[in-house]
Amino acid sequence: MLAAETATHAAEAGWFLENAWLIPAIPCVAFFVIILFGKRLPMKGSEVGVASMVASLVIAAGTTYQWIDRVSGAHGAEEGLGALGRVGRSLLPQAEGHTAPFVEPVIRQWTWWQSGGVEFQIGQHIDGLAVMALVLVAFISTLVQIYSLEYLRGDRRYTHFFAALTLFSGGMLAMVLAPSMVQFILGWEIMGLCSFLLIGHWWEDDANSRSALKAFFTVRVGDVGLLVGTAIVFFSANSWAQDNLDSNGFSISAISAWALSGDASSSALTMAAIALFIAAIGKSGQFPLHTWLPDAMAGPTPVSSLLHSSTMVVAGVFLVARLYPVFWQGLEILGSNVNLIAVIGAITIIIAAGLAFVQDDIKRVLAYSTVSQLGYMMMGLGVGAWTPAVFHIFTHAFFKCCLFLAAGSVSHSGSHHSFDMRKDMGGLARKMPITATAWIVSTLALCGIFPFSGFFSKDEIIDYAGENGYKAFMVVGLVGAVLTAAYMTRATYMTFFGEARGAAAGVHHDAHDDAHGDAHDDAHDAHGDAHGDHGPHESPILITAPIAILAALALVSGFLNAAPFDITKFTEWVEPSSAAVTEVEFAAVGPGEAVTVVAPGQEGSEEGDEAAAGEEAHTGCGFEAPETGVCFAPAVPHHEFKWSKGLLSIGLAIGGAVVAGAISIALYTRRDRRLVGLTERNPLFGGAYSFLANKYYLDHLYEKVIVHSIAHPIAKAVYWTNQVVIDGVVNAFGTGSRRIAGLVYKLLDQRVVDGAVNASGAAAQGTGEALRPIQSGKVNQYGALLFAAAAVGAIVLVIVNT
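What counts and how
Residues numbered from 1 in each chain as written. Predicted model: local features only at pLDDT ≥ 70, side-chain atom pairs only at ≥ 80, totals over all residues. Heavy atoms only, no water. Helix = DSSP H or I, 4+ residues; strand = E, 2+ residues; numbered from the N terminus. Salt bridge = Lys/Arg side-chain N within 4 Å of Asp/Glu carboxyl O. Buried < 20%, exposed > 50% of the residue type's maximum accessible area, 1.4 Å probe, protein only. Core = buried A, V, L, I, M, F, W, Y, C linked by side-chain atoms within 4.5 Å. Contact = heavy atoms within 4.5 Å. Disulfide = S-S within 2.5 Å. pLDDT = per-residue confidence, 0-100. Expected span 1.5 Å × (residues − 1). Phe/Tyr/Trp six-rings, centres within 6.5 Å; stacked < 30°, edge-to-face > 60°.

## Observations concerning unusual backbone geometry
And then number 1: For the bond running from phenylalanine 287 to proline 288, omega is 10°, close enough to zero to count as cis.
And then number 2: Of note in this structure, glutamate 332 is not a glycine but carries a positive phi near 55°.
And then number 3: Of note, leucine 334 is a non-glycine position whose phi angle comes to about 70°, a positive value.
And then number 4: As for its placement among the helices and strands, leucine 334 is situated in the loop between α14 (324-330) and α15 (340-356).

## Description of the pattern of salt bridges
And then number 1: In the structure shown here, the tally under the stated rule is 20 salt bridges.
And then number 2: The partner of arginine 70 in a salt bridge is glutamate 104, with the nearest N and O atoms 3.1 Å apart. Taken together, the residues span a long stretch of sequence, with arginine 70 in helix α4 (residues 46-74) and glutamate 104 in the loop between α4 and β1 (106-115) at a distance of 34 residues. Residue arginine 70 shares its accessibility class with glutamate 104, and that shared class is buried.
And then number 3: Each of Lys214, Asp295, Arg364, Lys695 and Asp699 takes part in a single network of salt bridges with overlapping partners.

## As for the nonpolar core
And then number 1: Of all hydrophobic cores here, the largest spans 215 residues; its most connected members are Phe327 and Trp439.
And then number 2: With 17 residues, the single largest contributor to this core is helix α17 (residues 386-413).
And then number 3: Once residues within four sequence positions are removed from consideration, phenylalanine 327 is found in contact with Ala273, Leu276, Phe277, Leu319, Val320, Glu332, Ile333 and Ile341.

## A word on helix α12 (residues 301-309)
And then number 1: Within α12, nine of the nine residues are buried, which leaves the element mostly enclosed by the surrounding structure.
And then number 2: Restricting attention to buried positions, one finds in α12 the residues Thr301, Pro302, Val303, Ser304, Ser305, Leu306, Leu307, His308 and Ser309.

## Overview of the state of the cysteines
And then number 1: Enumeration according to the criterion identifies one disulfide in this entry.
And then number 2: At a sulfur-sulfur separation of 2.0 Å, the disulfide partner of cysteine 621 is cysteine 631. On the S-S bond that ties cysteine 621 to cysteine 631, the torsion sits near -65°, and the link is left-handed. On the criterion of sequence distance, the pair formed by cysteine 621 in the loop between α26 (606-612) and α27 (643-669) and cysteine 631 in the loop between α26 and α27 is long-range, its members being 10 residues apart. Grouping residues by exposure puts cysteine 621 and cysteine 631 together as buried.
And then number 3: Considering cysteine sulfurs only, cysteine 28 is the nearest to cysteine 194, which forms no disulfide, with 8.7 Å between them.

## Thoughts on the confidence of the model for the protein
Atomic detail in the predicted coordinates should be set aside for any region of low pLDDT.
And then number 1: Per-chain confidence: the protein averages 85 in pLDDT, with 88% of residues scoring 70 or above.
And then number 2: A low-confidence stretch, residues 511-523 (pLDDT under 50), is modelled with 37 contacts involving residues beyond four sequence positions or located in other chains.
And then number 3: With pLDDT under 50 throughout, residues 585-615 is counted as low confidence; its partners more than four residues away or in other chains account for 94 contacts.

## Describing helix α19 (residues 433-447)
And then number 1: Here α19 contains 15 residues, and its C-alpha end-to-end distance of 21 Å stays within 8% of the 21 Å for a straight helix at 1.5 Å per residue.
And then number 2: Packed against the buried residues of α19 are α16 (362-382), α17, α20 (453-467), α21 (471-496), α24 (541-556) and α27.
And then number 3: One or two steps after α19, the chain reaches glycine 448, where phi turns positive at roughly 75°.

## Section: the packing of aromatic side chains
And then number 1: Following the criterion strictly, the structure yields 38 aromatic pairs and no others.
And then number 2: Between the aromatic rings of tyrosine 147 and tyrosine 151, the centroid separation amounts to 5.6 Å while the plane-to-plane angle is 20°, which identifies the pairing as stacked. Here the residue tyrosine 147 and the residue tyrosine 151 both occupy positions in helix α5 (residues 128-151), the gap between them amounting to four residues, near one helical turn.
And then number 3: With a relative accessible area of 0%, tyrosine 147 lands in the buried category.

## Details of the environment of leucine 692
And then number 1: Among the structural elements, leucine 692 can be located in helix α29 (residues 683-693).
And then number 2: Separated by 341 residues in sequence, leucine 692 and isoleucine 351 place their C-alpha atoms 9.0 Å apart.

## What about the environment of methionine 191?
And then number 1: Considering the arrangement of structural elements, one finds methionine 191 in helix α7 (residues 181-199).
And then number 2: Sequence separation between methionine 191 and glycine 170 is 21 residues; the distance between their C-alpha atoms is 8.4 Å.
And then number 3: Apart from the residues lying within four places of it in its own chain, the contact partners of methionine 191 are Phe168, Gly171, Met172, Met175, Lys283, Thr311, Met312 and Ala315.

Structure (structure tokens):
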């Protein structure tokens, strides 16, 4: 019966939805092809990497289409779906009066190991969140690989770069569609390993090696939280999942349902939420574990763009969004006006924005900008703005990736491989018009200026914070918007406007100050010599085409969820339903069989429907235990857009940009004496600058206080153990061996062995001396002796025989 149901649902879901597991599988296979055969191929393996990401993108696009079709069917929107028809659909008919019907995720799993009755499975969990991330990661990864064909041309480890970059994307994709925490951790760790390889790509430079190690170990600190949190959830939810859903405590769907069931222990939920959030802090560069992320700029620029836009640093935010019911209940989101996620997100917004002001390295400005924007996403999840936070992941990927690639374009063709804005940039807008236009469009999106994409996501986070009772966090969001506009205006002016400086003016330096500049220059010596004769110019099409595409998306992608125009497609396609589902049969089956969540009926309470429709009433899933059935997502509130708040946000951002622009002109072009050298003349400004330039002294705290206080005693103890214990044992063993050898030499070798040899020699010598008189040389004597001997012998024989 189960097999029949499984087959039926598999046919209804559509080929792309049923085989979405191919999306991460293809780049993972491509990794081995590149490693084994890449150097023998015409393009050194890069063609395999690009082709694998294009294939993944095609399948992801098909999956997205069928998922939208499925959701539209559930919502009863039968009109205007095109000639291809609707292959997938919701298993559940839309219930009368329900605004957000439950749309069954497409789950397929294969068991690869069993232990103690627990099945460890690998497969896919396709829902709106997974579809959004899949198509986003595949799309961004494809553009970055195309960009890398030109940017990394001639690199010393060209093949290995594409191998690691491809596996990096495969790891993120595997994590995104994970149906269980085991697969989630697998994808999470693949990304961690690949990020270490990619950040340290030019490992010959000590700074790059240190940055790679710093990123690896800092993220590992957070990863401990992921393992602890997963263990807490498994042991707390496993029995409930087996009894109610015939699943286990590793299943993400089961964990979500358990968290909202009302049967979960509040202490277990709180401890699990805190442990898992520590993992998110480490991965997503949140305060206080954000220090690794700017240092990760030591890697090639395509790595920075991919890492900062849609993959590794977003993984922590994705973790919170994926297991949102655990955080919702464990940290009582909307249960009070402050919680851990909101606080960490708010702190991260402000401290990262402050650090961006004192950076001269353009990539470091963007790195701190990423940290700040991740703070917005986390704060959004903390204040109950699930959809705006996830939408900010979507829009942020386009404009942040574009900004990083544009910075790489400037370095590649405009500043002789330098990333120093103060030293080697300025006035590049006329010489690099495509790059400059894309940068400005993406900057406007990042600053949240209407109608660019960032406005529709970031402004919603700020608005929801206020509407959900987190007034202080709304203020933090507005302050962050002002700071964002200000530091990005400074970076834009220093790079593309004002007077040209250094390499941008045609002056070449023999050596770059920054580490990645040295490494990059080393990797592109031939290229540097070539364009050095022509001065700054626009980059080749393999670089400008991805930038232009991303800039266009940074402009228009926000209209997928444009609250001012009542466009809520992103919400409809991505946000999980908060309806309580009854008669759920969550089948965990054997190897090779599909797993589905069968929900032949659903029952949403009137309160739950009102909450889903945007009413203020805090009832329904996540606020009360379902009387019948189970909930898979909390009823997050929705709020109407108000232009009064939107205009306030826009006005503050524009104000910040105008002030920053005026200061930049006065400081960097007019050399206003009141501003030049101000940090040296004024102790207050000087102290503030030093505080920011030293990154709040967090690196000092970690490396010279915490690490030193831990590592130094450990090192001393290890040294003492080495010198006293290990060396003592070795020395004692050596001394004992020496004495034993002496005794063996003296007694056995000298007296026994040599004594026996000498004695045998002496005996032979004595015998020889005794027989010497016989050796006379006279034949008559020899004959007499022979005769005598024969006579004696004869006498003996006679005696014996008688």
